[in-house]
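This is what each chain is made of:
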Amino acid sequence: MNCQSYFFCVIALLLGTQAACAQDNAQGRLAYLDELVTTGHIPQYQFAFIDSQGSVTESKRHYVDGIVPVDAVSSDTLVALLSLSKPFTSLLALRLIDKGYLQLDSPISDYLPSFKKVSVQGEKGHVYAVRPILVSDLLLHTAGFAQNAELLGWGEIPNTYKNEGIFGLNCLAGEPKQTLGDVVENLSSLPLVNNPGEKFAYSVATDVLGRVLEVAAQSSFTDLMQEHLKEPLGLTSLTLEVSNDVHTKVAQLYGPLFKSYPVPGSYQRYEAFRQFDVDVVNVGVKPGCVSPGSGLLSNMKDLVHFAKFLLNDMKLKDGSSFLSEQSKRQFFSHQLGEELGKSPLRRSLAYANKDGLTLGSLAIRLKQGGSLQDPLTHDFYYWSGFSGSGFWLDKNNNSAGIFLTQLYPNDRFLIPKLVAQTRAKLAQ
Amino acid sequence: MSMKLFTILGLLVAVPLSAMAFEFETVEPEKAGFDSKKLAEIQGKFEELYQEGRIPNYVMGVYSGTNNIYLTNNGNTSITGGQAVDENTIYWLASMTKPIVSTAIMRLVEEGKLSLDDNLSKYFPEYSDMLVAPGGSYSATLEPAKTEITLRHLITHTSGLTYSTAVSGVGDVAEQYDEFNVMGCIRLTSADADREVTSLADEAIFLAQLPLIDHPGDSWNYSVSIDVLGAVIEKVTGKRLGVYLNELIFSPLGMKNTGFGVPEQKRLNSADMYTTATPAQQASLSYDGDIPWKLIGNSNWDFKQNERKCDSGGGGLFSTVEDYAIYLTMIANDGELNGYRVLSKASIEEHLKDQTTQLLPEAFRRGFGEDASSYMKFSAGFGRKLDVSQTTGEETVDYYFWGGAANTFFWLDKENKTVGVFATQLVPSLYNINNDIESIVDGAILK
């Protein structure tokens, strides 16, 4: 923030008038994001762009209003990653596969025997699955699991997950505390929504993957993450649970606030998230269980570091590669079979169009007229959660962007829009 | 049939026959002093939302005096079929019920049957000794209310009452409203409520047990206040609210499709209720046609078939764009339309004047946010959107307005007797474009 704008913000705050102030580099601003904040649609954002030279431009903005001041966040404030947890867990899984703890094509029942005989919900009752669930199914959401209704799943089985407390809100913050093993064991007794391999269905599969890793490597997910992901990559903030002494560095999570009457102007369309049973500011403060698919927290600093690592061909400090060549290829290439159709994700993720999916939990957006089978027509990788937060990797231009906000759920699918706007800005 | 009932029915039939039903005359905008090209911009605002599958249908009418100068509509009563919607399609008005009930209160004031300065306890003594949970929070000690609730507090939403959490309610108190299904005349299926709703009077009495969220008169909080006024009307008139409104307003003005609930024979002409589908729902639903619907049926908020134990003055009415425009035109025309007078000119002035003069913008912030609270006031039943001169600070009324939870809205520009009414059926309320549309109409006035 330059002196002049800082002065303006201080004056505006003193006067009690509406002002959204930021401490950032104006060059990296996207007017569209600022407008979302100033019109009260999102509480705040942090945006980072990594250009082809590796330079990082960060911008952020938060809303200031007289009633519920939105706390400013900094690049080391912990934010809930929610679905952005998945690429981290997927990367950890590939690392452990490379180390020989488990195999991609192994049935998960090799590690979790209760999944030996799984049933599938059918029109005439439940039937046995036509084939076992493989580890690769967990990475690609083709296992046949569903998403908990509390976390935007829909239908009978998602409602059962909700009633049974399987990877729902209670797992992110709530009581009583359950182990990952307990929750997955409970899940194993419920039918699948599809046969394994039959369809892409966004689900709790990444959570189950976390438990498979625990059993395969005989260690807790937290310890595995520490030893095999955080330490080699130099990530400092990634965590599943926030200890008491750093509570003040956790961003507030918000939920939508709907006015049932018209307001002739802009207003805060969100309020502190109040769906948790416990009184906490965000995910992970008192987690009810370990959720490798939705329960991680991190900060912008680490996410920039992570994006640079991915852009840099996963090279570690010593020059070695974090993943084997094969795993790396799978991490960055479309992995769903053609039998799942030309829009494999669309059935489960409405905004995904004809996007593809890698083993790294990255969606692939195609260029105009492109095809999933032709990597030359792939435009960029991205992942985006239901909080609206997300990131993209533009490997063709060696650049990346990270957008974080703390509003859940948020029906805005922003990443492709931000890619287009960033490119337009760069072209100016 | 008893003699008394016979007499009541006779009156109900006699009233509409006593005057020719009012009808708007459709005229070219230019004839009424408006630029048709400018007005045509209105359609684009709604058509975009419709074509993106965000609203199930739309009807927007703009009226100047007794002329209909603009009408745009698209879609059907259901996104999977039904009849094409138009100015006579029945929609749930939700909170657009409130101004009409407020008008009825002003009529009773005019008749000397009550006063806005009456304490609510005059009608319901249970309200003589209220407690306040500041901000709706139960974490602080409850305080005795500094003053009694008056009818003026109720009609301006400054009573300290609140709503359920789903309708902008505040704090722990709002959660108790949820728990007890307070004023649940139309919400009879609340999952948590095991308390049976019986009558408006009983609801008003029950509500007096719950604390207020602020001291009466101190701040603006959207609330069940108008439902309580409905109970006052029933007490004073001895009639069910729907019967009284029908006698006073709907029947004489020819608002033939307005009432609490939708009669079975009119249900085919009433719009279904929708909500925004989650991404998982969107991906799983498949609709015919070209529109990428982002909607799913919303039975939780579709009340047209519900049995009603009472008439909700805060949100129970169903009506059409045309009927509502008739009501607003009566207000714009100083209380009279087509030879029938609902209110005197003096009562209309009282109805529309600022009843919150003592409140600073801070009092409106919780309800309207930082921006709008600087140019919002409230009359006896209507929001007052002000124009504030940047040079002199002088405040003039831009328009009177309100809306409903299903994304319906209206405005009334008293100065040029222009009214606009918009309807679709989508809960929650997402598209806050009343101000934009009113600005288009303002900009279309030929100099």
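You'll find the structure just up there.
Residues numbered from 1 in each chain as written. Chains lettered and ligands numbered in written order. Predicted model: local features only at pLDDT ≥ 70, side-chain atom pairs only at ≥ 80, totals over all residues. Heavy atoms only, no water.

Engineer: Could you clarify how one ought to interpret the pattern of salt bridges in this entry?
Structural biologist: Oppositely charged side chains can form a pair if their charged atoms are brought close together. All names here are of chain B. Inspection of every chain in the model, using the stated rule, returns 30 salt bridges over all chains. The shortest N-O distance in the salt bridge between Lys309 and Glu196 comes to 3.3 Å. With Lys309 in the loop between strand E10 (295-297) and strand E11 (317-319) and Glu196 in the loop between helix H6 (171-180) and helix H7 (200-207), this residue pair connects regions lying 113 residues apart in the sequence. Assessed through its relative accessible area of 58%, Glu196 is described here as exposed. Where Lys239 meets Glu247, a salt bridge forms, and the shortest distance between an N and an O atom there is 2.6 Å. Classification of Lys239 as partly exposed rests on a relative accessible area of 32%. Connected through salt bridges with shared partners, the residues Asp117, Arg152, Glu350 and Lys353 form a single ionic network. (Salt bridge = Lys/Arg side-chain N within 4 Å of Asp/Glu carboxyl O. Helix = DSSP H or I, 4+ residues; strand = E, 2+ residues; numbered from the N terminus. Buried < 20%, exposed > 50% of the residue type's maximum accessible area, 1.4 Å probe, protein only.)

Engineer: Please explain the interface of chain B and chain A as it appears in this structure.
Structural biologist: Accessible area lost upon the coming together of the parts is a frequently used measure of interface size. Taken together, the 38 residues of chain B in the interface contact 28 residues of chain A. The largest per-residue losses of area from chain B upon contact with chain A belong to Pro279, Glu370 and Asn432 of chain B, which jointly make up 22% of the total buried on that side. On inspection of chain B and its partner chain A, the count reaches zero salt bridges. Across the contact surface, chain B and chain A share nine residue pairs in polar contact (both at pLDDT 80 or more). At the level of secondary structure, the elements contributing two or more residues to the side of chain B that touches chain A comprise helix H10 (279-284), helix H13 (362-372) and strand E16 (395-403) of chain B. For the side of chain B that touches chain A, the element with the highest residue contribution is H13 of chain B, accounting for eight residues. (Contact = heavy atoms within 4.5 Å. Buried area = accessible area lost by both parts, 1.4 Å probe. Polar contact = N/O pair within 3.5 Å; in protein donor to acceptor, adjacent residues only side chain to side chain.)

Engineer: Honestly, the sheet that holds strand E1 (residues 44-50) of chain A in this entry has me stumped. Any pointers?
Structural biologist: Sheet strands pair by backbone hydrogen bonding; their relative direction is either parallel or antiparallel. Residues and elements named next belong to chain A. The sheet built from seven strands is open, its strands ordered E2-E1-E13-E12-E11-E10-E9 with antiparallel pairing. Looking at which strands have only one partner, the edges of the open sheet turn out to be strand E2 (56-62) and strand E9 (356-357). With five bridges connecting them, E1 and strand E13 (residues 399-404) associate as antiparallel partners. Across the sheet, the residue bridging to Phe47 is Phe403, located in E13. In this fold helix H10 (residues 300-311) packs onto E1, E2, strand E12 (390-394) and E13, with an angle of close to 155° to the strand it touches most, E13. (Pairing = 2+ DSSP bridges. Axes fitted to C-alpha atoms, helices over the stretch in contact; angles between N-to-C directions.)

Engineer: Looking at this model, I keep getting lost on the side chain of His157 of chain B. Mind explaining?
Structural biologist: All names here are of chain B. Assignment of secondary structure puts His157 in the loop between helix H5 (151-155) and H6. What makes His157 buried here is its relative accessible area of 2%. When sequence neighbours within four positions are dropped, the list of residues in contact with His157 reads Lys98, Ser219, Trp220, Asn221, Tyr222, Ser223, Ser225, Ile226 and Phe378.

Engineer: For this particular structure, what's the right way to read the state of the cysteines?
Structural biologist: A disulfide bridge is the covalent bond that connects two cysteines by way of their sulfur atoms. Counted under the stated rule, the structure contains two disulfides over all chains. Note on cysteine connectivity: Cys171 of chain A is disulfide-linked to Cys289 of chain A, with sulfurs 1.8 Å apart. Taking the torsion about the S-S bond as the criterion, the Cys171 of chain A to Cys289 of chain A disulfide, at about -95°, is left-handed. Of this pair, Cys171 of chain A sits in helix H6 (residues 169-172) while Cys289 of chain A sits in the loop between strand E7 (270-272) and strand E8 (297-298), placing them 118 residues apart in sequence. Cys289 of chain A shares its class with Cys171 of chain A; the two are buried. What pairs with Cys185 of chain B in a disulfide is Cys310 of chain B, and their sulfur atoms sit 2.0 Å apart. Here the disulfide of Cys185 of chain B and Cys310 of chain B is left-handed, its torsion about the S-S bond being about -105°. A residue pair is termed long-range when its members are at least 10 positions apart, and Cys185 of chain B in the loop between H6 and H7 and Cys310 of chain B in the loop between E10 and E11 qualify at 125 residues. Here the two residues Cys185 of chain B and Cys310 of chain B agree in accessibility, since each one is buried. (Disulfide = S-S within 2.5 Å.)

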